[in-house]
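Residues per chain, in single letters:
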Amino acid sequence: MKFPSQCLFVALLGVTLVAPSIFPACAADDAVAWPPITSQTRPWAFWWWMGSAVDQTNLTKELTRYHEAGLGGVHIIPIYGAKGWEDKYIQYLSPEWMAMMGWSVSEAHRLGMGVDMTLGTGWCFGGPTVRARDANASVVVETYHLAAGEKLTEEFNRAATQALMAFSPGVKPVDLAGKINADGSVDWVAPAGSWEIYAISQKPSGQKVKRPAPGGEGWMLNPLYPQAVRDWLPWFDAAFKNYHGPKPRAVFQDSYEYRTDWSPDLFAQFEKLRGYQLQDELPALFGTNEDEHAARVKCDYRETVSDIMAEQSEPLWIDWAHQNGFLTRYQAHGSPANWLDLYADADIPETEMFHTDRNKLISKFASSAAHVAGHQLTSAETGTWLAEHFTVTLGDLKGLADDMFLSGVNHIVYHGLCYSPDAAGWPGWLFYASTEMNPRNSIWHDVPALNEYIARCQAVLQSGKPDNDILLYWPIEDFWMQPGDKLLPQLTVHARAWFEEQPIGRTAKGLWDKGYSFDYVSDAQLQTAKVAEGKIRMPGGKYHVILVPECKYIPLETFKQLLALAQNGATVVFEKQLPADVSGLGNLKQRRRWFQRQKMKLNEVMENKPSGKNFGKGSVTLDSAGHFLGLRQAGIPHETMADAGLSFVRRTVDGGWNYFIANRGTNNFDGWITLSRPAQSVAVLNPMTGSSGVAARNADRQIHLQLAAGQSVILRAFADKKVEGPAWNDWRASGQPVEITSPWSVKFISGGPTLPPGVQITKLASWTTFPDTNTEVFAGTAKYETTFDAPDSAGKHFEINLGDVRQSARVRVNGKDYGTLIAPPFRVVVDNLKPKGNVLAVEVTSVDANRIRDLDRRGVKWKTFHDANFVNINYKPFDASNWPLTECGLLGPVTLTPVAVAAE
């Protein structure tokens, strides 16, 4: 089923109620039907194979469990093994390993699931076939000082020495590499003056594949050396040559954790790309001087590294994948290169958030690359160190998923699952850096609720195309022109000063806070831009304006392209000031002359006509105050809901737009919003329940929303059509809340280590306080049941608020299933109360914290893994023995409030 034309949906996201059936019947009007749910719209998960000690029986069991819980696919990553299972290990890429991979793909397909795989084991690219020459490399810089008449007494390896240069003030550098004799001596005597000699070579940095599986150990390859990738890929050719089974959907490269800054051919690459010899600038590159000249050399070096990665090394493995029938998923973050160019190389750019390192504007780099390049999917590694082991809740994961959606992600990949044979027992095999999203974790009981929510959201978010107005230029060379103390600064999701403390970060946050929709764009991507009917056309779609953040330096080719685009009808806005100069050193005088001449003309144009069509068919505007006046003058709309603290993502579909709107603040929202896109009518689809309805509009054509803190919503408006169907109901209290104080029966129904006996209670409290001490070590699900009378009320609808729930709850009233609640607020509206004798049944599921605490207090040896074994969130040996007891169960108070439709 496709979205009907001339329509726009509004789907409530983040409401924590999940209907028992996966996808209920559609609303009366087909226009509000859900798009199809596929394996691609469901969440996927990283799937670690410890020691690759897998077998067909347990593979099928595990995949079946994942399918039944609503996962759409898995991503195979072989890693180090479990102790005591060494005789079961399978060598990576051996015929037996290939057979297990093929079995997994076949079984997944039988179940309607997909499979991806890491190219290699652990992370990053590398392995046993990587030679020292191809490995991660660190530059070795040796300097010697000679006075006039002195001779070098050191000996140099002629094959290993990449440069040997002599420098003296006011004298042309002298290349000594050709003077190295076979015995390592150098035939050169220093002439008049003081001389500094630079000897450049490289060595392996020491970085090997992290957390490798048997058969995958070895050096990480050098991503700055394309030949290293060429030498590495035949390893996979050999493995797949005699393999004729089904293949995974995609191969994957993990985030950049290489440690490299040099390569055997870097000098040659630099000269080819920058037009001058880096050997002549070694004091500027490696010295302590931080003047502008040194900054320009370092900028050129950093740009060269970026170009090698984006234009040579990365395309090699991506082209190999395509030639062999794979798509590619790629995490470019951490790289010192231009993320946007690297992400855009892949079919599915992938971002991640890590513990508290959660900046949506940084994750937006991956989705921007996808949007600008025209890729349908942006994936996200989701759940890495979200919280300490065995304490992550489904509500935590839902909030993280919502942040990912706001970043433009539409393909969640949990981090993740660990294959574990049934014989391994509880808690089974575990990977240390993950949320234990596996069938042995107690939260798995209600995981289907979260998975259905994500599947519905992604079915909408994978439909249509992104609808962003602004291309926000990333002036990375302005950043590269800052000398700093690092030769090659890496851009990570952890240390974020490269973004947050730069003008690009401040501008992006300002746009976000004001409700403007934008994608980042790189220098290289701008070169592909065209103009048609006043819009900037990129391979992935059209934009209304290019915004250039404040920057001192800019590449000449980028400045030329901005002016050319404006000449052809585009709108270009410079924030605060025009760039002062070009970046880099090569051919500087000529480039600077052209730049200054064009800048002078541009200043004259803007002085004579500050706004409007002032430059050919288009316009160039200077927003000197930095308050987005240029955007307003260009007529760029923004979503005023941002003023109320709501965040959004907008996509266009036939006849309308999808909005994902989230309240990620701490205050509830209950009010009217105005959409920047016109809508004849609006429908509401709730991805937690599958329910739908037509939204209320007021005289100003605003839409009413109720979003508690943490909740989210997708809006879809019908541009030219008035949708017919049941009204979407917002609820208002029509009376005072009444606490349910009747006694409760509690029955433990699933979990472990054993099921405590049932109990009768008169007051709700954590089950860890129950008389039987077995409840202190129990993790799992308990059923709470009580009987109560309905309060006197003229209406038939009541809100049941469960109060404090630890951590998720399934709710039934008089036998009717009201779904699963996975995050606050834990409340449902019910319509089937009787005057007397109503039965409320609540199944509450806890996290595993107390159960794992018990194992460590008793000294049970369950952390039996090689390599890193099992560490805590601070990368120290994991030990839960001193944890306080975690509250579990239904804590309440449970209240009953009469409610009525807000419009009544």
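1. Comments concerning the overall build of the protein chain
Scanning the protein chain for helices and strands turns up 19 helices and 47 strands. A compact globule built from 904 residues would reach a C-alpha radius of gyration of about 29 Å, and the protein chain, at 31 Å, matches this within 12%. Dimensions of the protein chain along its principal axes, counting C-alpha atoms only, are 105 × 75 × 50 Å. One finds the centroid of the 86 positive side-chain charges in the protein chain at a distance of 3 Å from the centroid of its 97 negative side-chain charges.

2. Examining the pairing of strand β27 (residues 619-623)
Within β27, four of the five residues are buried, leaving the element largely enclosed by the surrounding structure. Across five bridges, the pairing between strand β25 (residues 571-575) and β27 is parallel. Looking at the pairing, Phe574 lines up with Leu622 of β27.

3. Quick notes on the pattern of salt bridges
Enumeration according to the criterion identifies 42 salt bridges in this entry. A salt bridge links Arg211 to Asp867; the nearest nitrogen and oxygen atoms lie 2.7 Å apart. Here the residue Arg211 occupies a position in the loop between β10 (194-204) and β11 (219-220), and Asp867 occupies one in the loop between α19 (849-857) and β46 (889-892), the gap between them amounting to 656 residues. Across the pair Lys836 and Asp789 runs a salt bridge whose closest N-O atoms are separated by 3.7 Å. One end of the pair, Lys836, is in the loop between β44 (827-830) and β45 (838-845); the other, Asp789, is in the loop between β39 (779-788) and β40 (798-801), with 47 residues separating them in the sequence. Each of Lys61, Glu62, Arg65, Asp422 and Arg440 takes part in one network of salt bridges that share partners.

4. Remarks on helix α17 (residues 588-608)
Taking 1.5 Å as the rise per residue, α17 with 21 residues should run 30 Å; its terminal C-alpha atoms sit 30 Å apart, in good agreement. Tucked inside the fold, the buried residues of α17 contact α7 (292-323), β24 (553-554), α16 (556-567), β25, β26 (581-582) and β27.

5. Comments concerning unusual backbone geometry
That bond from Gly752 to Pro753 is cis: its omega, 10°, falls within 30 degrees of zero. Mapped onto the secondary structure, Pro753 falls in the loop between β37 (744-752) and β38 (759-761). Cis geometry is adopted by the peptide bond preceding Pro893, which originates at Gly892 and carries an omega value of -5°. Mapped onto the secondary structure, Pro893 falls in the loop between β46 and β47 (895-901). Backbone geometry places Asn869, a non-glycine residue, at a positive phi of 55°. Relative to the helices and strands, Asn869 resides in the loop between α19 and β46. Even without being a glycine, Tyr875 presents a positive backbone phi close to 60°. Mapped onto the secondary structure, Tyr875 falls in the loop between α19 and β46.

6. A word on the sheet that holds β27
With parallel pairing, the five strands of this open sheet are ordered in space as β19-β18-β23-β25-β27. Looking at the sheet topology across the chains shown, the edges are occupied by β19 (518-521) and β27. If you compare each strand with its neighbour and ignore which way they point, the axes differ by 25° on average. Its contacts with the sheet put α16 on β18 (470-473), β23 (545-548), β25 and β27, and the angle it makes with β25 is roughly 135°.

7. Structural notes on empty space enclosed by the protein
Within this structure, the stated rule accounts for seven cavities of 30 Å³ or more. Lining of the largest cavity is provided by 16 residues; of these, Lys364, Asn468, Trp512, Phe648 and Val649 occupy positions nearest its centre. Looking at the lining of the largest cavity, the elements with two or more residues in it are α9 (360-373) and β28 (647-653). Considering each element in turn, the lining of the largest cavity owes the most residues, five residues, to β28.

8. Details of the side chain of Thr781
Of note, Thr781 is situated in strand β39. A polar contact of 2.7 Å, which involves the side chain of Thr781, links it to the side chain of Thr845. If near-sequence neighbours (up to four positions away) are discounted, Thr781 is found in contact with His445, Lys747, Phe748, Ile749, Ser750, Glu843, Val844 and Thr845.

9. What to know about the pairing of β40
Note that β40 and β44 share four bridges and pair antiparallel. Residue pairing for β44: Ile800 is matched across the bridge by Val828. Of the strand pairs in this sheet, β40 and β47 are connected by four bridges, and their pairing is antiparallel. Paired with Glu799 across the two strands is Thr897, which belongs to β47.

10. Structural notes on a positive patch on the surface
Side chains of Lys589, Arg593, Arg597 and Lys601 sit close together on the surface and give a patch of like positive charge. Mapped onto the elements, Arg597 comes out in helix α17.

11. Details of the packing of aromatic side chains
A complete count under the given rule lists 62 aromatic pairs for this structure. Directly above the aromatic system of Trp44 lies the positively charged group of Arg249, at a separation of 4.0 Å from the ring centroid. Taking NZ or CZ as reference, Arg329 lies 5.5 Å from the ring centre of Phe46, over its face.

12. Quick word on the side chain of Asp469
Mapping Asp469 onto the fold places it in the loop between β17 (465-466) and β18. When residues no more than four places from it in sequence are discounted, the contact partners of Asp469 are Ser517, Tyr543, His544, Val545, Ile636, Pro637, Arg650 and Arg677.

13. Observations regarding the confidence of the model for the protein chain
In the predicted model, the protein chain carries a mean pLDDT of 94, and the fraction of residues at 70 or more is 96%. Note that residues 1-28 has pLDDT below 50 and, in this model, 136 contacts with residues that lie over four places away or in other chains.

14. Digging into the layout of surface pockets
Which parts of space are left empty comes out when a probe the size of a water molecule is rolled across the atoms. In this structure, the second largest pocket encloses a volume near 660 Å³. Taken together, 29 residues form the lining of the second largest pocket, with Arg274, Glu303, Asp307, Glu477 and Pro555 sitting closest to its centre. In terms of residues, the lining of the second largest pocket owes the most to one element, α7, which gives six residues. Among the residues making up the lining of the second largest pocket, the classes are represented as eight nonpolar, ten polar and eleven charged.

15. Some remarks on the packing of helix α1 (residues 56-68) against helix α2 (residues 95-110)
It is at 10 Å that the axes of α1 and α2 come closest, and there the two elements cross at 35°. Regarding α1 and α2, the two cross each other, and that crossing is right-handed. Between α1, through Gln56, Leu59, Thr60, Leu63 and Thr64, and α2, the contact on the second element is made entirely by Met100, Trp103, Ser104, Glu107, Ala108 and Arg110. Classifying every residue of the contact of α1 with α2 gives five nonpolar, four polar and two charged.

About the criteria used
- Residues numbered from 1 in each chain as written.
- Predicted model: local features only at pLDDT ≥ 70, side-chain atom pairs only at ≥ 80, totals over all residues.
- Heavy atoms only, no water.
- Helix = DSSP H or I, 4+ residues; strand = E, 2+ residues; numbered from the N terminus.
- Rg over C-alpha atoms; globule rule 2.2 N^0.38 Å.
- Lys, Arg positive; Asp, Glu negative; His and termini not counted.
- Charge placed at Lys NZ, Arg CZ, Asp CG, Glu CD.
- Buried < 20%, exposed > 50% of the residue type's maximum accessible area, 1.4 Å probe, protein only.
- Pairing = 2+ DSSP bridges.
- Salt bridge = Lys/Arg side-chain N within 4 Å of Asp/Glu carboxyl O.
- Expected span 1.5 Å × (residues − 1).
- Contact = heavy atoms within 4.5 Å.
- Axes fitted to C-alpha atoms, helices over the stretch in contact; angles between N-to-C directions.
- 1 Å grid on protein atoms, 1.4 Å probe; cavity = no way out; pocket = protein on both sides within 12 Å on 5 of 7 lines; lining within 4 Å.
- Points joined across faces, edges and corners; volume = space filled by probe spheres on them.
- Polar contact = N/O pair within 3.5 Å; in protein donor to acceptor, adjacent residues only side chain to side chain.
- Patch = residues over 30% accessible without salt bridge, like charges linked within 9 Å, V, L, I, M, F, W, Y side chains within 5 Å.
- Areas by Shrake-Rupley, 256 points an atom, 1.4 Å probe, with all protein chains shown as cover.
- Phe/Tyr/Trp six-rings, centres within 6.5 Å; stacked < 30°, edge-to-face > 60°.
- Lys NZ or Arg CZ within 6 Å of the ring centre and 35° of its normal.
- pLDDT = per-residue confidence, 0-100.
- Nonpolar A, V, L, I, M, F, W, Y, C, P; charged D, E, K, R; others polar.
- Left-handed = near helix turned anticlockwise from the far one by under 90°.

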